[in-house]
Amino acid sequence: MGPPPAAGEEKVVFLKAVGGEIGSASALAPKLGPLGLSPKKVGEDIQKATMDWKGIKVSVKLSVVNRVATPSIIPTASAMILRELKEPPRDRKKVKNVKHTGNITLDGVINIARALSEKSMAKKLVGTVKEVLGTANSIGCTVNGQAPTEIQKQITDGTITIPDN
């Protein structure tokens, strides 16, 4: 085992967690043990930080400075789409293979794309919107009552225009 990090040095740990649930300490221990952190305490901090995303799997960024972990949520396209669908939280242990058949608006997709624009590799917002539509297609929901692939074709044709900003 190496020496502990220097005082004031920031270490960053990325992990996936289910919103509003305490992650298992055994899963957190290999990542947090070398930093001198208690997996149980960090798991409770992550649970408090992810309460808004109850039942949805989100990426969490842990910033560790002086053995104090500060969790922040990095939303993914799929997590934001599931949140936009406003489905009631489900018991993950009992309900399996859920079909997300809800409907979201194109404005909702554009707002998600704006939030993800700095993470996206697309040059313009149009490309990010198409990425989000592809994720909506894989989740199985519809956009404005149509299949997301149809909306992508309409954007490519020029039938639907997406603002630049």
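Definitions and limits used
Residues numbered from 1 in each chain as written. Predicted model: local features only at pLDDT ≥ 70, side-chain atom pairs only at ≥ 80, totals over all residues. Heavy atoms only, no water. Helix = DSSP H or I, 4+ residues; strand = E, 2+ residues; numbered from the N terminus. Buried < 20%, exposed > 50% of the residue type's maximum accessible area, 1.4 Å probe, protein only. Contact = heavy atoms within 4.5 Å. Pairing = 2+ DSSP bridges. Axes fitted to C-alpha atoms, helices over the stretch in contact; angles between N-to-C directions. Core = buried A, V, L, I, M, F, W, Y, C linked by side-chain atoms within 4.5 Å. Polar contact = N/O pair within 3.5 Å; in protein donor to acceptor, adjacent residues only side chain to side chain.

(A) Layout of the overall build of the chain. Assigned secondary structure in the chain consists of 6 helices and 5 strands. Ordered by position from N to C terminus, the α and β elements of the chain give β-α-α-β-β-α-β-α-α-β-α. Taking all 165 residues of the chain together, the buried fraction comes to 33%. A separation of at least 24 residues holds for 59% of the contacts in the chain among residues at least 6 apart in sequence.

(B) Structural detail: the sheet that holds strand β3 (residues 68–74). With antiparallel pairing, the 3 strands of this open sheet are ordered in space as β1-β2-β3. The open sheet terminates on both sides in strands that have one partner only, identified here as β1 (10–18) and β3. The mean angle between the axes of side-by-side strands here comes to 25°, regardless of whether they run parallel or antiparallel. Sheet topology places strand β2 (residues 57–65) next to β3; 7 bridges connect them, and they run antiparallel. In the sheet register, Ser 59 faces β3, and the bridge partner there is Ile 74.

(C) Representation of the nonpolar core in the model. Counting 40 residues, the largest nonpolar core has Ile 46, Leu 62, Ile 81, Val 109, Val 129 and Val 143 as the members making the most contacts within it. Of all elements in the fold, only β1, α1 (25–32), α2 (39–49), β2, α3 (77–84), α4 (106–116), α5 (125–139) and α6 (148–157) reach the threshold of two or more residues within this core.

(D) Focus on unusual backbone geometry. Backbone geometry at Asn 66 places phi at a positive 50°, although glycine is not the residue there. With a phi angle near 50°, Asn 144 is a residue other than glycine that sits in the positive phi range. With respect to the helices and strands, Asn 144 occurs in the loop between β5 (142–143) and α6. Residue classification places Asn 144 among the partly exposed positions, given a relative accessible area of 42%.

(E) How the structure looks around α3. Ala 77, Ala 79, Met 80 and Ile 81 are the residues of α3 that are buried. Against β2, β4 (103–104), α4 and α5 lie the buried residues of α3.

(F) Highlighting the side chain of Ser 63. Structurally, the position occupied by Ser 63 is in strand β2. Within the structure, Ser 63 has its side chain in polar contact with the side chain of Glu 10 (distance 3.2 Å). Apart from the residues lying within four places of it in its own chain, the contact partners of Ser 63 are Glu 10, Lys 11, Val 68, Ala 69 and Thr 70.

(G) Summary view of the environment of Lys 48. For Lys 48, the location among the structural elements is in helix α2. You can call Lys 48 exposed: its relative accessible area is 61%. When the C-alpha atoms of Lys 48 and Ile 22 are compared, they prove to be 8.9 Å apart, with 26 residues separating the residues in sequence.

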